[in-house]
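As a plain string of letters, each chain reads:
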Amino acid sequence: MGNELIGAFVLGLIGGVIPGPVLTAVFTEILQSGILKSMRIILWAMFTEAVVALLSLLALSSMNFSQSFFHGLSLIGAAILIRISTSIWKIHKIDTEKKVHFSLSKISAMIMSNGVLWTFWITVCVPKAISLNEKVVFGDYLFLLLVEIGWLIATIAVAFLFSRFRKILSNPKVVPIMFKIFALTFVYFAVDMVYKSISFFLA
């Protein structure tokens, strides 16, 4: 069970540092108004993503699918992680040039309409959460909570570092190395999911 809990936290940590709409908004807000103003975006983004996570969990768990279904779903999730990791591997710079005002409604719409986010939760996180629920009471909610805590910590840390070390982190020599490490970590999760699913079907 300990590995699942650590894995949930690490998934959140990695998710919090992957470039995307939320980090772009946070970086832009830091450039325009400072680190404190960007906290509004981070906290609202976490709330909105938590809604996505809960909706995904409730929808899938209420359908009473068998364990085989989720192990099969995990194979799809592993493929998605590999695809994401290839995109992360190619990152050479962090784009922060576009400046815009981010209202709460705009942030919500940006996240809720992110198909990759829904797919990530449904195919990667929710199957793992339901699997943990079989080992501990409310394990599914505990898994989602740890993912969100990891995401919050990582996003705040990245925002802080960006505000303090923007020139260093934007260095073309540093960015590729940093995100190659994240990409390889996602590959590890993908391989782990494939191994566990194949072991289940062969058992």
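Everything discussed here concerns the structure shown above.
Residues numbered from 1 in each chain as written. Predicted model: local features only at pLDDT ≥ 70, side-chain atom pairs only at ≥ 80, totals over all residues. Heavy atoms only, no water.

A few words on helix H4 (residues 67–89). For H4, built from 23 residues, the straight-helix expectation of 33 Å at 1.5 Å per residue is met to within 8% by its first-to-last C-alpha distance of 32 Å. Among the residues making up H4, those that are buried are Phe70, His71, Leu73, Ser74, Gly77, Ala78, Ile80, Leu81, Ile84, Ser85 and Ile88. (Helix = DSSP H or I, 4+ residues; strand = E, 2+ residues; numbered from the N terminus. Expected span 1.5 Å × (residues − 1). Buried < 20%, exposed > 50% of the residue type's maximum accessible area, 1.4 Å probe, protein only.)

Residues separated by three or four positions in an α-helix point in the same direction, a consequence of the helix having 3.6 residues per turn. Here helix H1 (residues 2–17) contains 16 residues, and its C-alpha end-to-end distance of 23 Å stays within 8% of the 22 Å for a straight helix at 1.5 Å per residue. Those residues of H1 lying buried are Glu4, Gly7, Ala8, Leu11, Gly12, Ile14, Gly16 and Val17.

Attention shifts here to the packing of helix H2 (residues 21–33) against helix H3 (residues 35–61). At a closest axis distance of 7 Å, the pairing of H2 and H3 adopts a crossing angle of 160°. What the angle tells us is that H2 and H3 run roughly antiparallel. You can see that H2 and H3 cross each other, and the crossing is right-handed. Across the interface between the two elements, Val22, Ala25, Val26, Glu29, Ile30 and Ser33 of H2 pack against Ile35, Lys37, Ser38, Arg40, Ile41, Ile42 and Ala45 of H3. Along the lines of polarity and charge, the residues of the contact of H2 with H3 split into eight nonpolar, two polar and three charged. (Axes fitted to C-alpha atoms, helices over the stretch in contact; angles between N-to-C directions. Parallel < 35°, antiparallel > 145°, perpendicular 65-115°, else oblique. Left-handed = near helix turned anticlockwise from the far one by under 90°. Contact = heavy atoms within 4.5 Å. Nonpolar A, V, L, I, M, F, W, Y, C, P; charged D, E, K, R; others polar.)

Our next topic: a nonpolar patch on the surface. Together, Leu54, Leu58, Val137, Phe138 and Tyr141 give the surface a local cluster of nonpolar side chains, amounting to about 510 Å² of exposed area. For leucine 54, the location among the structural elements is in helix H3. (Patch = residues over 30% accessible without salt bridge, like charges linked within 9 Å, V, L, I, M, F, W, Y side chains within 5 Å. Areas by Shrake-Rupley, 256 points an atom, 1.4 Å probe, with all protein chains shown as cover. Salt bridge = Lys/Arg side-chain N within 4 Å of Asp/Glu carboxyl O.)

Now for the environment of leucine 142. Its place among the elements puts leucine 142 in helix H7 (residues 139–169). Looking at leucine 142, the relative accessible area reads 31%, which means it is partly exposed. When the C-alpha atoms of leucine 142 and alanine 8 are compared, they prove to be 9.0 Å apart, with 134 residues separating the residues in sequence.

Within the largest apolar cluster, 55 residues are counted, with the highest numbers of intra-cluster contacts made by Leu11, Leu81, Ile88, Phe120, Trp121, Phe143 and Phe186. Of all the elements in the fold, those that place two or more residues in this core are H1, H2, H3, H4, helix H5 (104–112), helix H6 (115–133), H7 and helix H8 (175–202). (Core = buried A, V, L, I, M, F, W, Y, C linked by side-chain atoms within 4.5 Å.)

All right, on to the side chain of threonine 155 then. Tracing the chain through its elements places threonine 155 in helix H7. If near-sequence neighbours (up to four positions away) are discounted, threonine 155 is found in contact with Gly16, Leu23 and Ile42.

Once that is clear, we can look at the packing of H4 against H8. The geometry of H4 relative to H8 is characterised by a closest axis approach of 8 Å and an angle of 160° between their N-to-C directions. Between H4 and H8, the interaxial angle falls into the category roughly antiparallel. Crossing of H4 against H8: the hand is left-handed. The residue inventory of the contact of H4 with H8, partitioned by class, reads 19 nonpolar, eight polar and two charged.

Looking now at the pattern of salt bridges. For the structure shown, the criterion picks out three salt bridges. When the shortest N-O distance is used, the salt bridge between lysine 135 and glutamate 4 registers 2.3 Å. Separated by 131 residues along the polypeptide, lysine 135 in the loop between H6 and H7 and glutamate 4 in helix H1 bring together distant segments of the chain. The class for glutamate 4 is buried, based on a relative accessible area of 18%. Where aspartate 192 meets lysine 196, a salt bridge forms, and the shortest distance between an N and an O atom there is 3.5 Å.

Let us now look at the packing of aromatic side chains. The description of an aromatic ring pair rests on the distance of the ring centres and on the angle between the ring planes. For the structure shown, the criterion picks out five aromatic pairs. For the pair phenylalanine 27 and phenylalanine 162, a centre-to-centre distance of 4.1 Å together with 20° between the ring planes defines the contact as stacked. Residue phenylalanine 27 is found in helix H2, and its partner phenylalanine 162 is found in helix H7; the two are separated by 135 residues along the sequence. No difference in accessibility class separates phenylalanine 27 from phenylalanine 162, as the two residues are buried. Ring plane angle 75° and centroid distance 5.4 Å describe the contact between phenylalanine 200 and phenylalanine 201, whose orientation is recorded as edge-to-face. Residue classification places phenylalanine 200 among the partly exposed residues on the basis of a relative accessible area of 27%. Judged by its relative accessible area of 43%, phenylalanine 201 is partly exposed. (Phe/Tyr/Trp six-rings, centres within 6.5 Å; stacked < 30°, edge-to-face > 60°.)

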